[in-house]
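Close look at the chain arrangement
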Amino acid sequence: MTDRPLRILIACETSGVMRRAFAARGHDVWSCDLLAAEDGSNRHIRGDVRGLLQDGWDLLAVMHPPCTRLCRSGRRWMSGPGKWTPPKQLPKGRSWDSMKAEFEDGVALFTACWRAPIERVAIENPEMNDLARDRMPADLPAPQMVQPFWFGEPAYKNTGFYLRGLPQLLPTDMLEEPEWGSDEWKAWNAVHRASPGPDRWKIRSRTFDEIADAGADQWGGHAMEEIRRAA
């Protein structure tokens, strides 16, 4: 039997990095986001990914879903001592009700993608805070945490992948870490040291090419093998 290309949806991505990685391996891949694709690709759909989840995909990779209220670093804005008590401080111009509404939106999007009728799902998200974990589906595993330097990119960016029907990523080119505090170490931390500005979120959320290549090779290869065996 001749292998057919996988039908792949890359959700919550404007950079096109993961889309291009799978496309380079011959797959039928589309990205989707509320914003336009940065590369102007005609393989990008503007809109809410939840309207596309029923369209018969072989693999769903959700790369940068809104996670500000779900991640551990944002916990202090959501609650004071205990759970769901008024926080001591809020971001300028924000109300607690608006923060909780963003939290609910993030939970709803993550849950919809995790429960999508797609056999293989990878959702990129930082480690969640306790408030978010309390709201997650019961079958959600702990995330696999990876670093760019596992794949040959001299950089630090702890990246979590929640996986269903897909294997954990294996390192492809493990680099030796630089000495703590050295100039090289500081360069590796460029993502975390990005200057505040309107594009800071793009810099911090962008997928490294090497991680995208590993995902396209390993997750794509796994899916192809499963489909081949089932044929």
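I will try to describe carefully the structure that is included in this document. All of these numbers come straight from a predicted model, not from anything done at the bench. (Residues numbered from 1 in each chain as written. Predicted model: local features only at pLDDT ≥ 70, side-chain atom pairs only at ≥ 80, totals over all residues. Heavy atoms only, no water.)

With that settled, consider the overall build of the protein. Per the secondary structure count, the protein includes seven helices and seven strands. The principal-axis extents of the C-alpha atoms in the protein amount to approximately 60 × 45 × 35 Å. Here the protein holds 231 residues, and 46% of them are scored as buried. Contacts in the protein between residues far apart in sequence, at least 24 positions, make up 58% of those at least 6 positions apart. Total accessible area on the protein stands at roughly 12000 Å², and carbon and sulfur atoms take up 52% of it. Counting 31 positive and 33 negative side-chain charges, the protein places the centres of these two groups 7 Å from one another. (Helix = DSSP H or I, 4+ residues; strand = E, 2+ residues; numbered from the N terminus. Buried < 20%, exposed > 50% of the residue type's maximum accessible area, 1.4 Å probe, protein only. Contact = heavy atoms within 4.5 Å. Areas by Shrake-Rupley, 256 points an atom, 1.4 Å probe, with all protein chains shown as cover. Lys, Arg positive; Asp, Glu negative; His and termini not counted. Charge placed at Lys NZ, Arg CZ, Asp CG, Glu CD.)

Given 3.6 residues per helical turn, the α-helix brings residues three or four places apart onto the same face. Compared with the 32 Å implied by 1.5 Å per residue over 22 residues, the 31 Å span of helix α7 (residues 209-230) between its first and last C-alpha is a close match. For α7, the set of buried residues is I211, A212, A214, G215, A216, Q218, W219, G220, A223, M224 and I227. Elements in contact with the buried residues of α7: α1 (17-23), β4 (59-62), β5 (121-124), β6 (144-146) and β7 (159-164). (Expected span 1.5 Å × (residues − 1).)

Turning next to the sheet that holds strand β3 (residues 44-46). Sheets are built from strands paired through backbone hydrogen bonds, the pairs being either parallel or antiparallel. Here seven strands make up an open sheet; going across it, the order is β3-β2-β1-β4-β5-β7-β6 and the pairing mixed. In this open sheet, the two strands that pair with only one neighbour each are β3 and β6. When strand polarity is set aside, the average angle formed by the axes of neighbouring strands in this sheet is 20 degrees. (Pairing = 2+ DSSP bridges. Axes fitted to C-alpha atoms, helices over the stretch in contact; angles between N-to-C directions.)

Turning next to helix α3 (residues 96-114). The end-to-end C-alpha distance of α3, which contains 19 residues, comes to 27 Å, matching closely the 27 Å that a straight helix rising 1.5 Å per residue would cover. Burial in α3 covers these residues: M99, F103, G106, V107, L109, F110, T111, C113 and W114. The inward-facing, buried residues of α3 abut β4, α2 (75-78), β5, α4 (130-133) and β7.

Applying the stated criterion across every chain, the model contains eight aromatic pairs. For the pair F161 and W219, a centre-to-centre distance of 5.2 Å together with 85 degrees between the ring planes defines the contact as edge-to-face. Of this pair, F161 sits in strand β7 while W219 sits in helix α7; the two residues are 58 residues apart in sequence, bridging distant segments of the chain. Across the pair, exposure class does not vary: F161 and W219 are buried alike. Between W180 and W185, the ring centres sit 5.1 Å apart and the planes meet at 45 degrees, which makes this aromatic pair tilted. Its relative accessible area of 69% is what places W180 among the exposed residues. (Phe/Tyr/Trp six-rings, centres within 6.5 Å; stacked < 30°, edge-to-face > 60°.)

On to unusual backbone geometry, then. One can expect most non-glycine residues to show negative phi and most peptide bonds to be in trans. One non-glycine residue with positive phi stands out, namely C12, at about 60 degrees. Using a relative accessible area of 10% as the deciding quantity, one classes C12 as buried. A positive phi angle, close to 60 degrees, is found at W84, a residue other than glycine. With respect to the helices, strands and loops of the structure, W84 is situated in the loop between α2 and α3.

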